[in-house]
Amino acid sequence: MKRMFTYFEKYRTLDNEPRELLQRFGRIRQYRKGDFFKQEDEPIEKWCFVLEGLVSKEHTNSAGQPVIERICEPGAYFTGTKHAFSKSNEPVAIHFLQHTTLFEIRNQYFQDMVETFPCLKSIYHILTQHKLNHALRHQHTIHALRTEERLHDLYFYRPQLIKLLTVDQKKAFLGITNNREYYKAKRYMEQNLKKSE
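Each value, and the rule that gives it
Residues numbered from 1 in each chain as written. Predicted model: local features only at pLDDT ≥ 70, side-chain atom pairs only at ≥ 80, totals over all residues. Heavy atoms only, no water. Phe/Tyr/Trp six-rings, centres within 6.5 Å; stacked < 30°, edge-to-face > 60°. Helix = DSSP H or I, 4+ residues; strand = E, 2+ residues; numbered from the N terminus. Buried < 20%, exposed > 50% of the residue type's maximum accessible area, 1.4 Å probe, protein only. Lys NZ or Arg CZ within 6 Å of the ring centre and 35° of its normal. Pairing = 2+ DSSP bridges. Axes fitted to C-alpha atoms, helices over the stretch in contact; angles between N-to-C directions.

K.L.:
Sorry, what's going on with the packing of aromatic side chains here?
P.N.:
How two aromatic rings sit relative to each other is given by the distance of their centres and the angle of their planes. Taken as a whole, this structure holds 15 aromatic pairs when the rule is applied. Ring geometry for Trp47 against Phe110: centres 4.0 Å apart, planes inclined by 15°, an arrangement best described as stacked. Taken together, the residues span a long stretch of sequence, with Trp47 in strand E3 (residues 44–52) and Phe110 in helix H3 (residues 107–116) at a distance of 63 residues. On the basis of relative accessibility, which here comes to 0%, the residue Trp47 falls in the buried class. Relative accessible area serves as the criterion here: at 1%, Phe110 is assigned to the buried category. Taken together through their ring pairs, the aromatic side chains of Tyr7, Phe8, Trp47, Phe49, Tyr77, Phe110 and Tyr124 make up a single cluster. Here the guanidinium or amino end of Arg137 rests over the ring plane of Tyr157, the centre of that ring lying 4.4 Å away.

Have a look at this one:
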């Protein structure tokens, strides 16, 4: 819990009462690399904060290929539903790409706390804005950049992912359809990094 409170208090001091309620109703859980938190057709009414590890939200496209829509690193959150204030399923699988430690709390408890405590509401809004910023940047990368530019862009925006993701995961995240295109993008990135040295 201490790690989570340290993350939260980068943005706002957390009062004692919400801190105690988060400890009472939430719990720390660990998951192995390769495990799934949920499948595409399954709702899990929990709000989860990533303390360590790497988590993807993904689906399978019409060609049967995996598409990684989002990646959550430490300091980010995800839900097993459309959002923390929903009971509806978001049609994505949630997959652990690394060994992962989460803080988990039922959506209903978290909703009540966010609505009751201004300090927690403020932290939640900041975390949600970070999540939105990542999503908008990712959409820009996929739709505005040529395929060979996407890996280079990822290197500058989220460099830690370059080392953590496999080739297949990078392809699924960046909308790169085959190995030939991936290695073309890798050469483009390496050439541009050499130029900037």
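K.L.:
Before we go on, may I ask you to explain the sheet that holds strand E4 (residues 55–60) in this structure?
P.N.:
Strand pairing in a sheet is mediated by backbone hydrogen bonds. Such pairs are either parallel or antiparallel. Within the open sheet, the four strands sit side by side as E2-E7-E4-E5. Their pairing is antiparallel. Each edge of the sheet is formed by a strand with only one pairing partner; in this case those strands are strand E2 (36–38) and strand E5 (66–72). The sheet shows a mean angle of 30° between the axes of neighbouring strands, direction not considered. Where E4 meets E5, six bridges bridge the pair, whose relative direction is antiparallel. Bridged to His59 within E5 is Val67.

In short, the description is geometric, and any link to function would need to be established separately.
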